[in-house]
Amino acid sequence: MRNITLIKGDGIGPEITESVVKIIEASGVEINWDIQTAGADIIEKEGTPLPQRVIDSVKANKIALKSPVTTPIGKGFRSVNVQLRKELDLYANLRPCYNLPNIKTRYDNVDIVVVRENTEDLYAGIERQVDENTAESIKIITKNASERIAKFAFDYAVKNNRKEICVVTKANICKLSDGLFLNSAREIAKNYPQIKFKEILVDNCCMQLVQNPNQFDILLLPNLYGDIVSDLCAGLVGGLGIAQGANIGKDYAVFEPVHGSAPDIAGQDKANPTAMLMSAIEMLNYIGEKDAAKQIKIALFDTLNANIKTADIGGNSTCSKFTNEIIKRLKVLTPQY
């Protein structure tokens, strides 16, 4: 039995966490969940949204499944997500974006993987108040981080039979910082002649994505552009309610949905657990439970095809009903359990 850290988060986090744990249990995979709490709900008790015990748990177990955590906007504590990535050196953010069945979107057959550098750029958090009218942020791009995320992207492409990587920058303006990221990707690309390599400016990339997303395979981006473009890509295939995510480093990996904690609907049985479930499916693949991952995905897709959906994706199902319908179909696929 594998030990995995389970971070419940806040807002709708506990609800979608419970949903996904039930589905994984129904698949027959045995996991000893090391349950941890983080986020706004525990600040008053522990003085921080990310206690050291959470980081220690992930370091001990190597793998974590995490639900959304509220981040204050413009004030308060630093993002728990950013802090986790820095503490654990989770340098690669992986965001597969593809159409799910029976979810109405503007485009069909979208299949894009966004690979985002996860540790530096403006997210380094180096800021200062110059005077009462001026604030300054410093953008950090290093050769080491740029090369390792490029290598991650190309290795992912080879392993998953992808054909092309397009590096996305604003190197025409940020000639030194984005230029370093671009040149690092160019150098790494030379070691992978079987993978087609392209370059595009981030503004043009956004325009091209909304005109013809099917032209893209893997997008490789620095941290800030990756954050923005990955949400754009999620919008192409149905929104953040179905958008999976993974943060991967040399020693640790944290799998999580990319949507927010939605405190306005917390406790109302309205939350969509699909993004959390899709992230868990990727986690199961990552730890070698490929059969269970495949069966859960089939059960999820069968449920969507039966037009059982939560409100955010065009249905009227509750979170609990949606979960139970997936489990019902899963048990048909895995009758031994």
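Everything here concerns the structure above.
No experiment lies behind these values; they were computed from the predicted model shown.

Draft legend 1. Region of interest: the side chain of Ser57. Looking at where Ser57 falls in the secondary structure, it is placed in helix 3 (residues 52–61). Judged by relative accessible area, which is 5%, Ser57 ranks as buried. Excluding its chain neighbours within four sequence positions, the residues that come into contact with Ser57 are Thr5, Asp34 and Gln36.

Draft legend 2. Quick look at the packing of helix 1 (residues 13–27) against helix 11 (residues 319–333). Interhelical geometry of helix 1 versus helix 11 gives an angle of 10° and a closest axis separation of 9 Å. In terms of their interaxial angle, helix 1 and helix 11 are classed as roughly parallel. Side by side, helix 1 and helix 11 meet where Ser19, Lys22, Ile23, Ala26 and Ser27 of the first sit next to Cys319, Thr323, Ile326, Ile327 and Leu330 of the second. Counted by class, the contact of helix 1 with helix 11 contains six nonpolar, three polar and one charged residues.

Draft legend 3. Local environment of the state of the cysteines. What the rule picks out here adds up to zero disulfides. With no disulfide of its own, Cys205 lies 5.6 Å from the sulfur of Cys206, the closest cysteine sulfur.

Draft legend 4. Fine view of unusual backbone geometry. You will see that Asp89, though not glycine, has its phi angle at about 55°, which is positive. The partly exposed category is assigned to Asp89, whose relative accessible area is 33%.

Draft legend 5. Region of interest: the packing of aromatic side chains. For the structure shown, the criterion picks out four aromatic pairs. With 5.0 Å between their ring centres and 25° between their planes, Phe154 and Tyr192 make a pair best called stacked. Note that Phe154 is positioned in helix 5 (residues 143–159) and Tyr192 in the loop between helix 6 (177–189) and strand 9 (196–201), a separation of 38 residues in sequence. For the residue pair Phe154 and Tyr192, the accessibility class agrees, reading buried in each case. Each ring, one from Phe154 and one from Phe197, has its centre 6.2 Å from the other, and the planes form 35°; the classification is tilted. Linking Phe154 in helix 5 with Phe197 in strand 9, this pair joins segments that are 43 residues apart in sequence. Lying across the ring of Tyr123, Arg116 places its NZ or CZ 5.2 Å from the centre.

Draft legend 6. Representation of the nonpolar core. Counting 87 residues, the largest nonpolar core has Leu219, Leu220 and Met283 as its most contacted members. The contacts of Met283, once residues within four sequence positions are left out, are Ile4, Ile24, Ile31, Trp33, Ile63, Leu65 and Phe255. One finds Ala38, Leu50, Val54 and Leu90 within the second-largest nonpolar core, a separate group that totals 14 residues.

Draft legend 7. Expanded view of the sheet that holds strand 8 (residues 164–169). One open sheet holds the 10 strands; their spatial order is 2-1-3-12-11-4-5-10-8-9, and the pairing between them is mixed. Edge positions in the open sheet fall to strand 2 (31–36) and strand 9, since each of these has one partner strand only. Recorded for the sheet is a direction-independent mean angle of 25° between the axes of neighbouring strands. Taken together, the seven bridges between strand 4 (residues 92–98) and strand 5 (residues 111–117) define a ladder with antiparallel strand orientation. Paired with Tyr98 across the bridge in strand 5 is Asp111. Its contacts with the sheet put helix 4 (residues 80–88) on strand 1 (2–7), strand 3 (63–66), strand 4, strand 5, strand 11 (246–248) and strand 12 (253–255), and the angle it makes with strand 3 is roughly 175°. Against the sheet, helix 8 (residues 223–236) contacts strand 4, strand 5, strand 8 and strand 10 (218–221), and its axis sits at roughly 160° relative to strand 5.

Procedures and definitions
Residues numbered from 1 in each chain as written. Predicted model: local features only at pLDDT ≥ 70, side-chain atom pairs only at ≥ 80, totals over all residues. Heavy atoms only, no water. Helix = DSSP H or I, 4+ residues; strand = E, 2+ residues; numbered from the N terminus. Buried < 20%, exposed > 50% of the residue type's maximum accessible area, 1.4 Å probe, protein only. Contact = heavy atoms within 4.5 Å. Axes fitted to C-alpha atoms, helices over the stretch in contact; angles between N-to-C directions. Parallel < 35°, antiparallel > 145°, perpendicular 65-115°, else oblique. Nonpolar A, V, L, I, M, F, W, Y, C, P; charged D, E, K, R; others polar. Disulfide = S-S within 2.5 Å. Phe/Tyr/Trp six-rings, centres within 6.5 Å; stacked < 30°, edge-to-face > 60°. Lys NZ or Arg CZ within 6 Å of the ring centre and 35° of its normal. Core = buried A, V, L, I, M, F, W, Y, C linked by side-chain atoms within 4.5 Å. Pairing = 2+ DSSP bridges.

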